[in-house]
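Spelled out, the chains give:
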Amino acid sequence: MGQRSFEKCKPFFVTPPREQDRNSCCCRVHVEMRMIFQICMAYRKSLLEKDPTREGAYPLYTHLNDLVNVTLCEKEDGERLHRLCCLCRECDNCGVNQLPLMAEELDVSETTVKLKWQAYEYVNVSGGRRIQIVTKETSPGELFSKLKLLLVSFPSHQFRSIWQHDQMKKLAENLPLGHVCCVHDYSENYTCRFQDQIQSMYFSQTQASLQVTILHRHALLAVDEENTEEEHKNLTEHIFVISSDCKHDHHSVHGCRALVANYLKEIDYKVKVMHEWTDGCSTQYKSRHCMGDISYSEEDFGFKTIRNFYETSHAKGPQDGAGANVKHKADMAVIKRQVIIQNAADLYEFCVENLQQPAQSRYQSENVNLKRRIFFYVEQTNRERRTRYFKEVKGNRSIHSIETGESGRKLHVRKLSCYCDGCMENGVCSNVDYVDVWEEVEMDHEAQMEHQSTRADEQLQREQIQDLVAKDSTVAIAAADRGEDYYLLKVTSNGSEVLNRPTTDGWGASYPAGANILRGHYYICEQEDTMIYWLDQTKEALVYAATVRFICGPFNTVIDGSEGRLSFKVPEQQHLDILESLNGF
């Protein structure tokens, strides 16, 4: 058969790889766990090939879930899930120590075979710390110790990610009358580019903010031409808020919520409860100010709001596709020279003229539930900046559901969402083995300074903190990396010092002569969102003294038996104090 004839036999669904096929925004916990699992099982397979008799005692696991189940108690009769105490590693009868390991897999001697594996770690790049894939070559014992460390928190993380998505699906499928479900997310800013773009414009491109809301509600006869009395049909609308203001803070979030509420009021939809689903971004939907705004929902909009947060790094969904689709359609129109989009206003006009009505499905059997797209435009100068600020909610990192309280400044919180029949009808939850009861908290207002903080005030405050730093102090360093709040440093120098000559530290960061620096060792985070660190004393670190934001108190000591080293847990309140100090600069 000739090459051309062979190519004609290719099925239509087989396509070459494209840029849009890149798998991005993945969960670090899951990706790293799969990487370590595959290397560990490959090494175990090589051992079993040499001695097949050991396969009964040390099985070769094909799926990661099979390995995880070995470290958990058996499911109870008729139960679909493991017990919560087992998933959270609070059960005395199970744990990572139940995982059987061969002597070769525990070997950490210098003479043993070296295995090459990869993990995500923070490294110094161009004077800053960035998370990258680091290739290591260690003994099998170190590799399997890393596997056991990841296994400690992996079951609970996976349980929460699945649970939250299941609750969202259950709510959307069984939405009560008068209730509305919204999934909010900020799409990546749209970059205004031209088909015939001159060089000077390429390096000064304008961006437009795009906030996406997937709105689920019941159809209205007057608006949607649906017979709601007979079927109470659910429909979906995509709402986009386009703005020239690219600052995605709690003011922006509140403004987008107000636009959605006004739209529902215009179509005369009687909202009893608004259910919101968002990611857990600490600067947007889950900031203390956003949580405080939820407590004022009835005062601001006239209805109670329940906001639910997806598990960390597991908020991908239709909202991402909706935003990407709008930006793709705009890019294609620009490339075809059908339109020129120079700013957010141009993008809004294009969307209103061309994208409000969804295209028909390619397949007759496919049921497209999207009713319409709705676009709003907000000018940067019209973005309301309110003076309502709040203090932190204790334990907010573990909270996945909040609701408006009975009065202003009251908020109900719990660690998991639940939309069982009992919670929806009479408030009596049927998942009490997994979901805790609502806890009422009061949102305290943050005292506001009567004058605006100046650069001179900030400089004076930094100098005062620098003077208090002494040897053996633990300080929080301002982080320049996206996604990182701060870094922790154990100071080894007697306060700050001025360099006599250019110096490069153990992490590869270079500092010029005359720089005012601190010497010390970094605390390395064991795993994202655990607040557990270990002190890396193998490399000395230098930091600019001006980057110190907070002097920490004592940490809680945690003994890590798998690694044979001490780990430290940052108390929740101290973590909140550090974040508050960062907001002050």
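Here we summarise the structure given alongside this text.

Reading the values: the criteria
- Residues numbered from 1 in each chain as written.
- Predicted model: local features only at pLDDT ≥ 70, side-chain atom pairs only at ≥ 80, totals over all residues.
- Heavy atoms only, no water.
- Pairing = 2+ DSSP bridges.
- Helix = DSSP H or I, 4+ residues; strand = E, 2+ residues; numbered from the N terminus.
- Axes fitted to C-alpha atoms, helices over the stretch in contact; angles between N-to-C directions.
- Contact = heavy atoms within 4.5 Å.
- Patch = residues over 30% accessible without salt bridge, like charges linked within 9 Å, V, L, I, M, F, W, Y side chains within 5 Å.
- Areas by Shrake-Rupley, 256 points an atom, 1.4 Å probe, with all protein chains shown as cover.
- Salt bridge = Lys/Arg side-chain N within 4 Å of Asp/Glu carboxyl O.
- Lys, Arg positive; Asp, Glu negative; His and termini not counted.
- Charge placed at Lys NZ, Arg CZ, Asp CG, Glu CD.
- Buried < 20%, exposed > 50% of the residue type's maximum accessible area, 1.4 Å probe, protein only.
- Core = buried A, V, L, I, M, F, W, Y, C linked by side-chain atoms within 4.5 Å.
- Parallel < 35°, antiparallel > 145°, perpendicular 65-115°, else oblique.
- Left-handed = near helix turned anticlockwise from the far one by under 90°.
- Nonpolar A, V, L, I, M, F, W, Y, C, P; charged D, E, K, R; others polar.

**What about the sheet that holds strand β11 (residues 439-442)?**
Each strand in a sheet pairs with another by means of backbone hydrogen bonds, the pair being arranged parallel or else antiparallel. Read across the sheet, 9 strands follow the order β8-β5-β4-β3-β6-β7-β9-β10-β11 without closing on themselves; strand pairing throughout is mixed. In this open sheet, the two edge strands, each paired with only one partner strand, are β8 (370-378) and β11. Averaged over all pairs of adjacent strands, the angle between strand axes in this sheet comes to 25°, irrespective of strand direction. Here strand β9 (residues 401-404) runs beside strand β10 (residues 410-414); their pairing, made up of 4 bridges, is antiparallel. From the neighbouring strand, Ser401 faces β10, where its bridge partner is Arg414. Packed on one face of the sheet, helix α5 (residues 140-173) meets β3 (179-192), β4 (206-218), β5 (234-243), β6 (273-278) and β7 (304-309) and runs near 145° to β6. Sitting on the sheet, helix α10 (residues 288-295) is in contact with β6, β7, β9 and β10, with an inclination near 40° to β9.

**Considerations on a negative patch on the surface**
On the surface, a cluster of negative charge is made up of Glu76, Asp77, Glu79 and Asp433. Within the secondary structure, Asp77 sits in the loop between α3 (64-70) and α4 (84-87). For Asp77, a relative accessible area of 79% translates into the label exposed.

**Regarding the nonpolar core**
Counting 42 residues, the largest nonpolar core has Leu67, Leu147 and Leu151 as the members making the most contacts within it. Only α2 (28-50), α3, α4, β1 (115-125) and α5 provide two or more residues apiece to this core. With 9 residues, the top contributor of residues to this core is α2. Ignoring sequence-local partners within four residues, the contact set of Leu147 consists of Met33, Ile36, Phe37, Cys40, Leu67 and Leu99. Counting 36 residues, the second largest nonpolar core, distinct from the first, contains Cys182, Leu215, Met274 and Cys290.

**Things to note about the pairing of β6**
Within β6, 6 of the 6 residues are buried, which leaves it mostly tucked inside the rest of the structure. In β6, alternate side chains face the same way, and those of Val273, His275 and Trp277 on one face and Met274, Glu276 and Thr278 on the other are all buried. Both β6 and β7 contribute to a ladder of 6 bridges, which runs parallel. By the bridge assignment for β7, Val273 is matched with Lys304.

**Comments concerning the packing of helix α9 (residues 250-266) against α10**
Where α9 meets α10, the closest approach of the two axes is 9 Å, and the angle between their N-to-C directions is 30°. Our classification of the angle between α9 and α10 gives roughly parallel. Like other packed secondary-structure pairs, α9 and α10 cross with a definite hand, here right-handed. From α9, His250, Val253, His254 and Arg257 reach across to α10, where they touch His289, Cys290, Asp293 and Ile294. Residues that form the contact of α9 with α10 fall into these classes: 3 nonpolar, 3 polar and 2 charged.

**Brief notes about the pattern of salt bridges**
Under the criterion given, the structure shown has 22 salt bridges. Among the salt bridges present, the one from Arg217 reaches Asp224, with a minimum N-O distance of 2.9 Å. By relative accessible area, Arg217 is classed as buried at 0%. Note that Arg257 and Glu276 form a salt bridge whose closest N and O atoms lie 2.9 Å from each other. Of this pair, Arg257 sits in helix α9 while Glu276 is found in strand β6, placing the two residues 19 residues apart along the sequence. For the pair shown, Arg257 and Glu276 are each scored as buried. Through salt bridges with shared partners, one network takes in Arg217, Asp224, Glu237 and Arg372.

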